[in-house]
Amino acid sequence: MTEPTAALSAVIDLDVPGPTISRHLYGHFAEHLGRCIYGGFWVGEDSPIPNEGGIRADVVEALRALDIPNLRWPGGCFADEYHWSDGIGPRADRPRMINTHWGDVEENNHFGTHEFMALCELLGTEPYVSSNVGSGSVREASDWVEYLTRDGDSPMARLRRENGRDEPWKVRFWGVGNEPWGCGGNLRAEQFAPLARQYATYARNHGGNELYRIAAGASDDDYQWTATLMKEVTSRLGDRDPRDLFQAVSFHYYTFTGEWSDKGSATSFTRDEHWTAMSRALRVRQYIAGHAAVMDAYDPTKKIGLALDEWGTWWNVEPGTNPGFLYQQNAMRDALVAAVHFDAFHDHADRLRLANIAQTVNVLQAMVLTDEDRLVLTPTYHVFEMNRPHHDAQALAVRVRDRAEREVDGASIPTVSASASVKDGRVALSVTNLDPDASARVELDLRGRDVTAVSGRVLAGADVADHNTFDGPTTVAPRAFDGATLEGGRLVLDVPAGAFVVLDLALAG
Ligand code: AHR
């Protein structure tokens, strides 16, 4: 029998660890959009659906298994029309508003600051608060920081106590605006950059609470936006290093196959559309590198982080659902999209410090979908769960010797993606076979350390369109993987078509 040609042949030097892969690259996003908050995270204390203080118990239990490091809230576009003081105090008295971005529905503000912070505590996650620059004021944002984080006696600390919370919360991640070039104010970069400086100035560090301020940034490959922002963020202010004002700048990138007006179906797609999705997902690698290169010119010591604080698939909504609610199914193809994003994140861990998938529940590329009291885990959920060993591990370069490629929409893309990391004497190796129709042989030379044991899990459907439903919740679920063999330092894997594999390698000594 002849050996199939390897789809990927590569070398990994196990004794040359690279930068730390921040666990915050596995962050999440919960916007007041469709059924993410209401019906997803929040059902209210009087709901027959089991809850803790109004927060859905089943959703919390499912998400706790992901070790979510940070949760971005309240938007997105919603953040720039959100007035936080409407979301505190007795719920029955809270003012209502219209969520003009998402479905033009009434927002009753029942899920506000205290509810969000309670959710973070239940999930064991850090809050990432996205503040209103588009329609808010500097004072409003400044007061919110004081309300959340100030100890001792101050107007906002007193107000927080009146609302039942004595101790300040710890809040690190502070977003300054969201998509200012669009829903966040339709601003030019030259307008937003000085505004961001002003808002960041008054987002104070109270007591021991140190903010990590993230200036809203570009879309896709708009490197000019990043250049303008970085110029402003790094230009001197008297004696002060302005880089103390901002700790990161962000950008957003979404994957879809068609045009913006018709993005394609989540579960019904041709092979060509599958490959287009893979090709577009892989672009994230080049976009991260592009923004990072711009940042290098202004900040060569990499003091300022890059944050991809919205990413994921964006398909047409499920038939019959509100177009403003962005509810979509999630197939094995989505899992592959997530997996190749993580490979890119791991490879750029020196500059990329934070990322947030959009979004966690019932919106876009969700982890869980709910229907009344039912809940289902998506294939994307399983990628997040399987990749947990990479959190805070040190990246290991997968140096490609040879690989199969395919022409897609005029570009050549690899058919296999992989990344690796090391932590506590164990190597995590993630391998994704993008080809929906053929298994992939992967050959790796593992050098520098001896590997004593290999085990792993695989995520695959019978087809890349396979997905989980409320009546068939385990169509796509991880199972043990026995397709890897190790001889000396040579690791050979046969990865099924359209599958994602994570191996755990134990290192000697
Ligand atoms: O995640 C959905 C929306 O996508 C966000 O509100 C916005 O920031 C982006 O355009």
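So, how was this worked out
- Residues numbered from 1 in each chain as written.
- Predicted model: local features only at pLDDT ≥ 70, side-chain atom pairs only at ≥ 80, totals over all residues.
- Heavy atoms only, no water.
- Helix = DSSP H or I, 4+ residues; strand = E, 2+ residues; numbered from the N terminus.
- Rg over C-alpha atoms; globule rule 2.2 N^0.38 Å.
- Buried < 20%, exposed > 50% of the residue type's maximum accessible area, 1.4 Å probe, protein only.
- Areas by Shrake-Rupley, 256 points an atom, 1.4 Å probe, with all protein chains shown as cover.
- Phe/Tyr/Trp six-rings, centres within 6.5 Å; stacked < 30°, edge-to-face > 60°.
- Axes fitted to C-alpha atoms, helices over the stretch in contact; angles between N-to-C directions.
- Parallel < 35°, antiparallel > 145°, perpendicular 65-115°, else oblique.
- Left-handed = near helix turned anticlockwise from the far one by under 90°.
- Contact = heavy atoms within 4.5 Å.
- Nonpolar A, V, L, I, M, F, W, Y, C, P; charged D, E, K, R; others polar.
- Pairing = 2+ DSSP bridges.
- Right-handed = clockwise from strand over helix to strand, strands pointing away.
- Expected span 1.5 Å × (residues − 1).
- Core = buried A, V, L, I, M, F, W, Y, C linked by side-chain atoms within 4.5 Å.
- Near = heavy atom within 4 Å.
- Polar contact = N/O pair within 3.5 Å; in protein donor to acceptor, adjacent residues only side chain to side chain.

A.B. asks: Which residues make up the overall build of the protein, and what values go with them?
C.D. replies: Of the regular secondary structure elements, the protein holds nine helices and 27 strands. Radius of gyration (C-alpha) of the protein: 23 Å, near the 23 Å computed for a compact globule of 509 residues. Here the protein holds 509 residues, and 59% of them are scored as buried. Within the structure as shown, the protein displays about 19300 Å² of accessible surface, and the carbon and sulfur contribution to it stands at 47%.

A.B. asks: Lay out the packing of aromatic side chains in plain terms, naming residues and giving numbers.
C.D. replies: Summed over the entire model, instances satisfying the criterion amount to 24 aromatic pairs. Arranged with centres 6.0 Å apart and planes meeting at 70°, the rings of Trp 73 and Trp 144 form a pair that is edge-to-face. Pair noted here: Trp 73 is in strand S5 (residues 70-73) and Trp 144 is in helix H3 (residues 138-149), with a separation of 71 residues, a long-range link. Of the two residues, Trp 73 and Trp 144, both sit in the buried class. Each ring, one from Phe 342 and one from Phe 384, has its centre 4.9 Å from the other, and the planes form 80°; the classification is edge-to-face. Within this pair, whereas Phe 342 is found in helix H8 (residues 332-347), its partner Phe 384 is found in helix H9 (residues 379-386), the two being separated by 42 residues in sequence.

A.B. asks: Outline the packing of helix H2 (residues 113-123) against H3, supporting the account with residue identities and numerical values.
C.D. replies: Following both chains from N to C, one finds H2 and H3 inclined at 50°, their axes separated by 12 Å at the closest point. Judged by the angle between their axes, H2 and H3 are oblique. Remark: the crossing between H2 and H3 carries right-handed chirality. Listed contacts from H3 to Thr 113, His 114 and Met 117 of H2 are Trp 144, Tyr 147 and Leu 148. Across the contact of H2 with H3, the residue classes tally to four nonpolar, two polar and no charged.

A.B. asks: Please give an account of the pairing of strand S10 (residues 212-219) that cites residues and values.
C.D. replies: Walk down a regular strand and you will see the side chains alternate between the two sheet faces. For S10, the buried fraction is high: seven of the eight residues fall into the buried class. Where strand S9 (residues 173-176) meets S10, four bridges bridge the pair, whose relative direction is parallel. Of the residues in S10, the one forming a bridge with Phe 173 is Tyr 212. Taken together, S9, helix H5 (residues 189-202) and S10 constitute a β-α-β crossover, and its handedness is right-handed. In this structure, S10 lies alongside strand S11 (residues 248-255), joined through four bridges in parallel fashion. Opposite Ile 214, over in S11, you have Ala 248 as the bridge partner.

A.B. asks: Account for the sheet that holds strand S24 (residues 479-480), with residues named and values stated.
C.D. replies: Overall, antiparallel pairing links the six strands, which are arranged S16-S20-S21-S27-S23-S24 in an open sheet. For this open sheet the edge positions go to strand S16 (394-396) and S24, each flanked by a neighbour on one side alone. Here eight bridges tie strand S23 (residues 451-459) to strand S27 (residues 500-507), and the two strands are oriented antiparallel to one another. Counted as the bridge partner of Arg 457 is Val 502 from S27. Packed onto the sheet, H8 meets S16, strand S20 (416-423), strand S21 (426-433), S23 and S27 and runs at close to 130° relative to S21.

A.B. asks: Describe H5, with residues and values.
C.D. replies: The terminal C-alpha atoms of H5, which comprises 14 residues, lie 20 Å apart, in line with the 20 Å expected from a rise of 1.5 Å per residue. Those residues of H5 lying buried are Ala 189, Phe 192, Ala 193, Ala 196, Arg 197, Tyr 199 and Ala 200. The secondary structure elements touched by the buried residues of H5 are H3, S9, S10 and helix H6 (223-234).

A.B. asks: I'd like to hear about the sheet that holds strand S17 (residues 399-403), residue by residue, with values.
C.D. replies: Strand order across the open sheet formed by five strands is S17-S1-S22-S26-S25, with mixed pairing between neighbours. The open sheet terminates on both sides in strands that have one partner only, identified here as S17 and strand S25 (484-487). Here the average twist between neighbouring strands, direction ignored, is 15°. Sheet analysis places S25 next to strand S26 (residues 490-495), joined by four bridges and oriented antiparallel.

A.B. asks: Tell me what's going on with the nonpolar core, and back it up with residues and numbers.
C.D. replies: Counting residues in hydrophobic clusters, the biggest one holds 120 residues, and the most contacted among them are Phe 41, Leu 63, Trp 174, Leu 308, Trp 311 and Phe 345. Per-element accounting of this core gives the leading share, 10 residues, to H8. Those residues in contact with Phe 41 that lie beyond four places of it in its chain are Ala 30, Cys 36, Gly 54, Ile 55, Arg 56, Val 59, Leu 63, Leu 119, Leu 123, Thr 360 and Val 361. Listed in part, the 30 residues of the second largest apolar core include Val 398, Leu 444, Ala 499 and Leu 503.

A.B. asks: Quick rundown of unusual backbone geometry? Include the residues and the values.
C.D. replies: Residue Gly 76 is bonded to the preceding Gly 75 through a cis peptide linkage, with omega at 15°. As for its position among the elements, Gly 76 is in the loop between S5 and strand S6 (97-99). Of the consecutive residues Ala 358 and Gln 359, the connecting peptide bond is found in the cis state with omega at -10°. In this structure, Gln 359 sits in the loop between strand S13 (352-357) and strand S14 (368-371). The backbone phi angle of Asn 186 is positive, close to 50°, even though this residue is not glycine. Tracing the backbone through its elements, the reader meets Asn 186 in the loop between S9 and H5. Owing to a relative accessible area of 62%, Asn 186 belongs among the exposed residues under this scheme.

A.B. asks: I'd like a rundown of the site of the ligand, residues and numbers included.
C.D. replies: Neighbouring residues of the ligand: 13 residues in total, closest Glu 31, Cys 77, Glu 179, Tyr 254 and Glu 310. Residue Glu 31 places a side-chain N or O atom 2.7 Å away from an oxygen atom belonging to the ligand. Between the ligand and Glu 179, the relevant distance is 2.7 Å, taken from an oxygen atom to a side-chain nitrogen or oxygen of the residue. Calculation on the ligand without its partners gives an accessible area of 280 Å², and the protein chains cover 94% of this total. Grouping the constituent residues of the shell around the ligand by class yields seven nonpolar, three polar and three charged.

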